[in-house]
Every structure is written in C-alpha cells, then in structure tokens.
Amino acid sequence: MLRFLVRRLLGAVVTLLIISAVTFMLFYAVPRDPARLACGKLCTPETLELIRHNMGIDDSLPVQYWHWLSGIFVGRDFASFGSCDAPCLGYSFVNREPVLETILDRFPATFSLAIGASVVFLIFGVGTGMLAALKQGKAVDKLASSASLVASSMQIYFVGTLALYIFVYQWQVLEQPSYNPFLDNPGAWFSGLLLPWLVLALIFTANYTRMTRSQMVEQLSEDYVRTARAKGLERRNVFFRFAWRGAMGPIVTIFGIDMGVLLGGAMITEKTFSIQGVGMLSVKSVATSDLPMLLGVMVLTASFVVVANIVVDAVYAMIDPRIRLS
C-alpha cells in the first residue's frame, strides 16, 4: 500500500505540473494582452512596459512559469504588491488581491454546493438503481430506466432556469438561491442552496441510477451470487452482502471523479444560480484574461481530481477483496 501511495503521489505531482504548464502556455495563445487591458485607451508604450513589469509578465514564458512555480514553495516578490509568502499563487490581474486568498474565500460556497448535491444524488441515484435491479423487468424497473434516460438528457442551465422561474418567481415556494455561511445561519444556508442542490443532483441521479442498476444486474448473474442462492441464503442477504458490495466498486470510482470535479467548481450551476463560488471565479478569470487566478483555479481543480482518484483506488481495494494494491 505504501509503495502504491508513493507512486500515485509522484504521478500526481507530474500531472499537476503538466496541467499548470499547459494552462500557462494556452493563456498566451489567446491574443488578449492583460497589460494592455489594464492600461486603458490612453496608453503609452512606457506605461505599458511598466504595467507588464509590475504584473511580472515582461520576462520570457519559461521564466514567468518558473517564477510562478517557485512561488508556491518559497514565496515571491512583486514590484507593485510586495512580498507574497509561500504558498504563493500570485496576485490577480483584475482585483489585485492574492489568488490563494480569493480562492479560499470562494471555496466554502462550492464545497457546500458539492457536498449537498452529492448527498442527494447518492441517496436517490444508488437507491433507485438498486430498486430497479431488484425489480428487474417489472414496472418499477422500466419507469426508473425511462426517467433516468430523460433526466440524463437534460442540461443544467435549462433545468435550472426553468426551476428558478417555477419555484422561485412563479410559485414562490423556494427562496432565491444564494450562499450564506453555515455557521452564521444554518437555516439560510440550507434554504439558499436547496434548489441548486436539487437541480445539480437531478443530472447525477439519472447517471447513478443507470450505473447502479447495470452493475447490480451484472453482479446478480455472477457465479458466486448464484452459489450463495443455491446454498439457501435469503434473497435480501445475497442482494446486500454479495451483489451490492461487488457493484459498488465502479460506482465509488465514478463518484470520486465527480466529487473532485464538483469541488473544483460546478461552473454551469454556479453561473445559473449566481452563486459566487470557485466555478464563477474561473468563468470571470477566463473572460478577463486573469492568468494568476485561472492558474490557481485550474491547479485546485486538478488537485481535487487527482487526490480523489488516489483515495478511490484505496477504497476500491477495501470494498472488493479481489482487488489488491501492489
């Protein structure tokens, strides 16, 4: 297990380096100059060069990337902002604030959105899929399969806009979506995120229903499950002790990836409901050519996905005894 974790951690470091380097290079492939945008219309060449120097973008690309990368471990000094202690992801080109501080300020909203939605789609998605597999071929199975197919074809921005109009503006049964810190007001936190949770969970619930059903049906046809039935074990015992445990492996794998992506920022959901989380921050960073902020968000998202994969692999071996990590 230790060797496995060391290998995966080394691979994670390489992956994050590649992602950050590619993001850095792609940013400069866009013809928008952040220094010129900050300089304004009445911009002289001298002023433009001074702004580039203050932003730290007057060096070559490899040098700029090295400065950014080394700042994470040893900190960095800026001509216009002063020193930035490690871990330093730089300063935003737009609001002149530390990137890491801004991301950490937005992260609780994204974390709340991801955790709440995941609880909803795991309970309903896995539960409905197991029920459909248990009632295979019956009306419940057909209804669940048809509903999940329709739901998985929907888009969050369409469902979210429609839900806003019906439940918030038309019927007024739910509050306007917003994020309120949990410790300040738990009730406002719950009511403000309830609609985004349900909309985001709708798409994921459909996917998890279909996946759980297919995995359970496959496991129920395995030899070891049929052997357990032949030995006279109760159907419920066979279903939950053998088939369910074997079916959870792929579901846990997909959940780890989905959770990593959600923690990195559910951009469409946050944009639809105007929730100021990491997803909205990344959208604004792309629109304003804010390289330090964009790099910070990308590295954060990639980190969550990589760590989630490592955790999932370890949990997979615990769930399924047939899997062993070397």
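Residues numbered from 1 in each chain as written. Predicted model: local features only at pLDDT ≥ 70, side-chain atom pairs only at ≥ 80, totals over all residues. Heavy atoms only, no water.

## Focus: the side chain of Thr 205
Alright, step 1. By the secondary structure assignment, Thr 205 is in helix H8 (residues 186-220).
Alright, step 2. With residues near it in sequence (within four places) discarded, Thr 205 still touches Val 120, Phe 121, Phe 124 and Gly 125. (Helix = DSSP H or I, 4+ residues; strand = E, 2+ residues; numbered from the N terminus. Contact = heavy atoms within 4.5 Å.)

## Examining the state of the cysteines
Alright, step 1. Here the structure, examined in full by the defined rule, presents one disulfide.
Alright, step 2. With its sulfur 2.2 Å from that of its partner, Cys 84 forms a disulfide with Cys 88. Between Cys 84 and Cys 88, the S-S torsion sits near 115 degrees, and that sign places the bridge as right-handed. With respect to class, Cys 84 is no different from Cys 88; both count as buried. (Disulfide = S-S within 2.5 Å. Buried < 20%, exposed > 50% of the residue type's maximum accessible area, 1.4 Å probe, protein only.)

## A closer look at unusual backbone geometry
Alright, step 1. Residues Ala 86 and Pro 87 are joined by a peptide bond in cis, for which omega reads -5 degrees.
Alright, step 2. Structurally, the position occupied by Pro 87 is in the loop between strand E2 (82-84) and helix H5 (99-134).
Alright, step 3. The backbone phi angle of Ser 274 is positive, close to 55 degrees, even though this residue is not glycine.
Alright, step 4. Take Ser 274: it is sitting in the loop between helix H11 (267-273) and helix H12 (278-287).

## Quick notes on the packing of H5 against helix H10 (residues 235-263)
Alright, step 1. Close contact between H5 and H10 brings their axes to 11 Å; oriented N to C, the two are set at 150 degrees. By the angle class used here, H5 and H10 are roughly antiparallel. The handedness of the crossing between H5 and H10 is right-handed. Only Arg 235, Phe 239, Phe 240, Trp 244, Met 248, Ile 251, Phe 255, Met 259, Leu 262 and Leu 263 of H10 make contact with H5, whose side of the interface consists of Phe 107, Thr 110, Phe 111, Ala 114, Ile 115, Ser 118, Phe 121, Leu 122, Val 126, Met 130 and Leu 134. (Axes fitted to C-alpha atoms, helices over the stretch in contact; angles between N-to-C directions. Parallel < 35°, antiparallel > 145°, perpendicular 65-115°, else oblique. Left-handed = near helix turned anticlockwise from the far one by under 90°.)

## Comments concerning the confidence of the model for the chain
Alright, step 1. Confidence in the prediction for the chain averages 85 pLDDT; 95% of positions are at 70 or higher.
Alright, step 2. Taken element by element, the predicted model of the chain shows its lowest mean pLDDT in helix H2 (residues 34-39) (73) and its highest in H5 (93). (pLDDT = per-residue confidence, 0-100.)

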